[in-house]
Amino acid sequence: MKVLLVGSGGREHALAWQLAQSDKCEALYAAPGNAGIRECAACVRIDAEDVEGLVSFAKDKEIDMVVVGPEAPLVKGLADRLREEDILVFGPSAKAAQLEGSKGFMKDICAKYNIPTAAYGRFTDIEKAKAFIAEHGAPIVVKADGLAAGKGVIIAQSEDEAIAAAADMLSGNSFGAAGHEVVIEEFLDGEELSFFAICDGKTALAFGSAQDHKRAYDNDQGPNTGGMGAYTPAHMMTRELHSQIMDELITPTVEGMAAEGCPFTGVLFAGVMLVNSKPYLLEHNVRFGDPECQALMKRFDGDLLNTLVAAAQGDLEAARSEIEWRNGTALCVVMAAEGYPGSYAKNTVIKGLESAHTIAETTIFHAGTGVNDEGAIVNTGGRVLGVTALGENAQEAQSRAYETVALIDWPEGFCRKDIGYHAVAAEEERNLRNTQASA
Ligand code: AMP
Ligand code: GLY
């Protein structure tokens, strides 16, 4: 098959790395790709959001299958246009992508299909929003309805802060059209995890769990980011929780979307909050998480292309036997440019990437990289590398990833030093219990 992958981040490098390993993958293109992706795919200069540019490239090159990484082109209708041209695509229609593109739409699906989620209201009128905030009290969560690059969520600690956030969003000043409507919801206090499921429009198959680290600095301090590291599986995952998430959050979503006339094909990435061991849906995303995807791809042990093609063809059952995972834990440490998520320098030179390949079971995925005129690898974005390692357990995966980080020579970069700490602590606790039990 000739395959086109859309996107340019660490998620897409990890997907490209797996897709290129498939026996069926005869040619792999990436639009636009990055300096790491070009090692396993031919990069073409088409922006990930240039829907018509991508469609005409796919037609010209007789592409058989398109895999879409980010949400924005999906919300813009890329999958619909490809289906009109009879090109297979892994990714939802624009209508189905509203699960991520409109928080109000997603909450209404939850309400209609009895999916456990925080109590909420949808507002375009500030007076009605104020009344809801007064009724529920703080802490309370205010969200811009539309896509806001991960920035449209305010956890307000007081009613005044919530009112100010809602007024700011509705004014259009901070989030433009994405804030024309707000969702205000109950604050859920618990532990978060990411859960993935591959869907073919009718059914879903679980595709791993993970935990992300959203704050910029160690011990979950500092500003929110797109994700500074992740590991899979999530340490709290049990067979029972897995079934509960599938039965209560994922399956009703997929069945509900089909009943609404907008069947969901692609990967559903549920942000889940565990409150007293009960899973609640925080949000749905219509794409893989990044950096979660880098850790997932490192552990995946099937044929990714066969899996995604089966979903795109509406025949997910054909992929059931493909979904296999290597034992242990995979963990990704993000190296970001100093200053991220605020302003940072671009085009700083990164060295030592070759020597870093010497550590066992480790792969460096590129996120924001390019090549300068001298042929050196430079940063082009804030999140730059995903140093991803597999280990027998979280502790081993963590050591391998940080051993690799130490070999990378990039003075303008930084990373968190504690990625996976929840999982390492849970392992230590289990070991201690086992030692005590056998003493
Ligand atoms: P979202 O973009 O909806 O995932 O929100 C971003 C982050 O805000 C989530 O990952 C949570 O950490 C937090 N969050 C969102 N909704 C809630 C909620 N209802 N209660 C507590 N935290 C929330
Ligand atoms: N890592 C969180 C996300 O991709 O949305």
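The structure we're discussing is the one just above.
The structure displayed is predicted, hence computed values, not measured ones.

Chemist: Tell me about the overall build of the protein, residues and numbers included.
Modeler: Each helix and strand in the protein was counted, giving 13 helices and 22 strands. The C-alpha atoms of the protein give 21 Å as radius of gyration, which agrees with the globular expectation for 439 residues (22 Å, within 12%). The principal-axis extent of the C-alpha atoms belonging to the protein is close to 65 × 60 × 45 Å. When each of the 439 residues of the protein is scored for burial, the buried share is 57%. Surface exposure of the protein reaches about 18,100 Å², of which carbon and sulfur atoms provide 46%.

Chemist: Before we move on, can you summarise the sheet that holds strand β6 (residues 120-123) with the specific residues and values?
Modeler: Strand pairing in a sheet is mediated by backbone hydrogen bonds. Such pairs are either parallel or antiparallel. The four strands lie next to each other as β6-β9-β7-β8, forming an open sheet whose pairing is antiparallel. The open sheet terminates on both sides in strands that have one partner only, identified here as β6 and β8 (153-156). Adjacent strand axes in the sheet meet at a mean angle of 20 degrees when their direction is disregarded. Sheet analysis places strand β7 (residues 140-144) next to strand β9 (residues 182-186), joined by five bridges and oriented antiparallel. Across the sheet, residue V142 finds its bridge partner in β9, namely I184.

Chemist: Describe the packing of helix α12 (residues 394-407) against helix α13 (residues 421-438), and please don't skip the residues or the numbers.
Modeler: One way to put it is that α12 packs onto α13 with a least axis distance of 8 Å and a crossing angle of 140 degrees. By the criterion of interaxial angle, the relationship of α12 to α13 is oblique. Mapping the contact onto sequence places A394, Q395 and Q398 in α12 and Y421, A423, V424 and E427 in α13. Of the residues that constitute the contact of α12 with α13, the class distribution is four nonpolar, two polar and one charged.

Chemist: Would you mind going over the site of ligand 2 in detail, with residue names and values included?
Modeler: Taken together, D212, G226, F269, R287, G289, D290, P291 and E292 make up all the residues around ligand 2. At a separation of 3.1 Å, a nitrogen atom of ligand 2 approaches a polar backbone atom of G226. Contact distances for ligand 2 include 2.9 Å between an oxygen atom and a side-chain N or O atom of R287. The residue inventory of the shell around ligand 2, partitioned by class, reads two nonpolar, two polar and four charged.

Chemist: With reference to specific residues and values, describe the nonpolar core.
Modeler: In this structure, L4, V66, I245 and I250 are the most contacted members of the largest nonpolar core, which totals 53 residues. Per element, the largest residue contribution to this core is seven residues, and it comes from helix α9 (residues 239-259). Look past the residues within four positions of V66 in its chain and what remains in contact with it is L4, V6, L82, I87, L88, V89 and F90. Counting 37 residues, the second largest nonpolar core, distinct from the first, contains L28, V267, A311 and F365.

Chemist: Quick rundown of the packing of helix α7 (residues 126-136) against helix α8 (residues 159-171)? Include the residues and the values.
Modeler: It is at 10 Å that the axes of α7 and α8 come closest, and there the two elements cross at 155 degrees. The orientation of α7 with respect to α8, classified from their angle, is roughly antiparallel. Two packed elements cross with a definite hand, and for α7 against α8 that hand is right-handed. Contact residues: α7 offers I126, K130, I133 and A134, while α8 offers E159, A162, I163, A166, A167 and L170. Tallied by class, the residues present in the contact of α7 with α8 amount to eight nonpolar, no polar and two charged.

Chemist: Can you tell me about the side chain of S209, naming the residues and giving the values?
Modeler: Structurally, S209 can be placed in strand β11 (residues 204-212). For S209, a relative accessible area of 4% translates into the label buried.

Chemist: Give me the lowdown on the packing of aromatic side chains, citing residues and values where you can.
Modeler: Tallied over the entire structure, the rule returns ten aromatic pairs. With a centroid separation of 5.2 Å and 45 degrees between ring planes, the pair formed by F207 and F300 is classed as tilted. With F207 in strand β11 and F300 in the loop between α10 (292-299) and α11 (304-312), this pair connects stretches of sequence that are 93 residues apart. As far as the burial class goes, F207 and F300 line up, both buried. With a centroid separation of 5.0 Å and an interplanar angle of 65 degrees, the aromatic rings of F207 and W325 are classed as edge-to-face. Of this pair, F207 sits in strand β11 while W325 sits in the loop between α11 and β17 (329-337); the two residues are 118 residues apart in sequence, bridging distant segments of the chain. Within the aromatic cluster, the residues linked to one another by ring pairs are F196, F207, F269, F288, F300 and W325. Sitting above the plane of the Y280 ring, K278 keeps its charged end 5.6 Å from the centroid.

Parameters at a glance
Residues numbered from 1 in each chain as written. Chains lettered and ligands numbered in written order. Predicted model: local features only at pLDDT ≥ 70, side-chain atom pairs only at ≥ 80, totals over all residues. Heavy atoms only, no water. Helix = DSSP H or I, 4+ residues; strand = E, 2+ residues; numbered from the N terminus. Rg over C-alpha atoms; globule rule 2.2 N^0.38 Å. Buried < 20%, exposed > 50% of the residue type's maximum accessible area, 1.4 Å probe, protein only. Areas by Shrake-Rupley, 256 points an atom, 1.4 Å probe, with all protein chains shown as cover. Pairing = 2+ DSSP bridges. Axes fitted to C-alpha atoms, helices over the stretch in contact; angles between N-to-C directions. Parallel < 35°, antiparallel > 145°, perpendicular 65-115°, else oblique. Contact = heavy atoms within 4.5 Å. Nonpolar A, V, L, I, M, F, W, Y, C, P; charged D, E, K, R; others polar. Near = heavy atom within 4 Å. Polar contact = N/O pair within 3.5 Å; in protein donor to acceptor, adjacent residues only side chain to side chain. Core = buried A, V, L, I, M, F, W, Y, C linked by side-chain atoms within 4.5 Å. Left-handed = near helix turned anticlockwise from the far one by under 90°. Phe/Tyr/Trp six-rings, centres within 6.5 Å; stacked < 30°, edge-to-face > 60°. Lys NZ or Arg CZ within 6 Å of the ring centre and 35° of its normal.

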